[in-house]
Amino acid sequence: MFIQCDAELPPKGAVLELEIKLPERGIVSLTGVVAWHREEAEGTEPRGVGVQFDSLEGGLGEIVDALVLDYKGVRILVQSADDRDRKALLRRLKSIISTAEVIFASDDEEAQNALTAEIDLLIVDADEDERGAQATVRYACSTFGTPTIALAQRASLGQLMREQGASDILGNPPNGAALRKAVLLRLSSPSRVTQSDS
């Protein structure tokens, strides 16, 4: 498994504890060893480490098998009130992951009602309703740990969204390449990685 690292890379051979959020299964803990490094980004490939898992203990193998059989696809919730913005975001998201189920909410109340542990990614247009966007991001991050991308024209609003728990802040409208990178990064990242003392 590849893990992107923006900070210092753990040494080869380091034991890492990973927590991965699995649909309908919650958080699963894994232990792996750093097998290789990519010291610098290469083209579209980010810097990071390859983690090797020697065994899948505690029934994890059965969980992985069940996930493959039960996989329903990626679910993305988008909070945006503007119909044109929704259509543009839908086109961009479908160009990134054509099979994604994209669910739209026009305000924070509708978004919070749609949020469940089954939502893989939240994208919020923060410019339309700053307070509502902050409330949705805060709720998604604190209740479900949902990876969140906030779209904001102003840097100060982006900072407010980050303080509420947003994983990424992009311009509004978002640059296509930046949106693609953020979506793929958030959908492929473990919930938590820590280096083990053992």
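Summarised in this report is the structure supplied together with it. The structure displayed is predicted, hence computed values, not measured ones. (Residues numbered from 1 in each chain as written. Predicted model: local features only at pLDDT ≥ 70, side-chain atom pairs only at ≥ 80, totals over all residues. Heavy atoms only, no water.)

### Considerations on the sheet that holds strand 5 (residues 75-79)
Picture the strands of a sheet paired through backbone hydrogen bonds; they go either parallel or antiparallel.
Logical step 1: Across the sheet, 5 strands lie side by side as 6-5-7-8-9; this open sheet has parallel pairing. Two strands close off the open sheet at either side, each with one partner strand: strand 6 (101-105) and strand 9 (168-170). Mean inter-strand twist for the sheet, computed between neighbouring axes without regard to direction, equals 20°.
Logical step 2: Pairing of strand 5 with strand 7 (residues 121-125) involves 4 bridges; the strand directions are parallel. Paired with V78 across the bridge in strand 7 is I123.
Logical step 3: Along the sheet face, helix 4 (residues 130-144) touches strand 5, strand 7 and strand 8 (148-151) and points at about 165° away from the line of strand 7.
Logical step 4: Seen against the sheet, helix 5 (residues 155-164) touches strand 7, strand 8 and strand 9 and runs at an angle of roughly 160° to strand 9. (Pairing = 2+ DSSP bridges. Helix = DSSP H or I, 4+ residues; strand = E, 2+ residues; numbered from the N terminus. Axes fitted to C-alpha atoms, helices over the stretch in contact; angles between N-to-C directions. Contact = heavy atoms within 4.5 Å.)

### Focus: unusual backbone geometry
Logical step 1: Note the cis peptide between N172 and P173, where omega equals 5°.
Logical step 2: Inspection of the secondary structure puts P173 in the loop between strand 9 and helix 6 (176-188).

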